[in-house]
Amino acid sequence: MCSPTFRGLDGSTPADRANRAGVFYTVIGENLAYAPDVYIAHQGLMNSPGHRANILSTSYGKMGIGVIDGGIYGKVFVQEFTN
């Protein structure tokens, strides 16, 4: 369930980063949203079929959330999912 197309600045996938951190999982996923605030980010994620599927998936039992200032793009909201 990990997106094969998105890679971090170092070329790593969510699975690569979890493996480096020693996180055990059998499924992994990630959502990213650029938005001015959490309400608009959430609305955008829930209106996207793929992102919504990650959020509502019963395959995941753990979730991590991060937010950074994206400068002129607003904020970057990241959701990491594992079982």
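Predicted, not measured: the structure shown is a model, and the values here were computed from it.

(A) Seen up close, the nonpolar core. Within the largest apolar cluster, five residues are counted, these being Ala33, Ala35, Ala41, Leu45 and Phe77. Contributions of two or more residues to this core are made by strand S1 (28-35) and helix H2 (38-46). Once residues within four sequence positions are removed from consideration, Phe77 is found in contact with Asn31, Leu32, Ala33, Ala35, Asp37, Val38, Ala41, Gly66 and Val67.

(B) Representation of the pattern of salt bridges. Taken as a whole, this structure holds one salt bridge when the rule is applied. With its nearest N and O atoms 2.8 Å apart, the salt bridge here joins Arg17 to Glu30. In this pair, Arg17 sits in helix H1 (residues 14-20) while Glu30 sits in strand S1, placing the two residues 13 residues apart along the sequence. By relative accessible area, which is 26% here, Arg17 ends up partly exposed. With relative accessibility at 13%, the residue Glu30 sits in the buried group.

(C) Here's a closer look at the environment of Gly74. With respect to the helices and strands, the residue Gly74 is situated in the loop between strand S2 (62-69) and strand S3 (75-82). Apart from the residues lying within four places of it in its own chain, the contact partners of Gly74 are Ala35, Pro36 and Asp69.

(D) Expanded view of a nonpolar patch on the surface. A contiguous nonpolar patch, built from Tyr34, Ile72 and Tyr73 and spanning about 460 Å² of accessible area, is present on the exposed surface. Relative to the helices and strands, Tyr73 resides in the loop between S2 and S3. Tyr73 gets classed as exposed once you look at its relative accessible area, which sits at 58%.

(E) Structural view of the side chain of Gln79. If you trace the backbone, Gln79 turns up in strand S3. Ignoring any residue separated from it by four or fewer positions in sequence, one finds Gln79 in contact with Gly29, Glu30, Asn31, Leu45, Ile55, Met63 and Gly64.

Criteria and thresholds
- Residues numbered from 1 in each chain as written.
- Predicted model: local features only at pLDDT ≥ 70, side-chain atom pairs only at ≥ 80, totals over all residues.
- Heavy atoms only, no water.
- Core = buried A, V, L, I, M, F, W, Y, C linked by side-chain atoms within 4.5 Å.
- Buried < 20%, exposed > 50% of the residue type's maximum accessible area, 1.4 Å probe, protein only.
- Helix = DSSP H or I, 4+ residues; strand = E, 2+ residues; numbered from the N terminus.
- Contact = heavy atoms within 4.5 Å.
- Salt bridge = Lys/Arg side-chain N within 4 Å of Asp/Glu carboxyl O.
- Patch = residues over 30% accessible without salt bridge, like charges linked within 9 Å, V, L, I, M, F, W, Y side chains within 5 Å.
- Areas by Shrake-Rupley, 256 points an atom, 1.4 Å probe, with all protein chains shown as cover.

Purely geometric numbers; function is a separate question.
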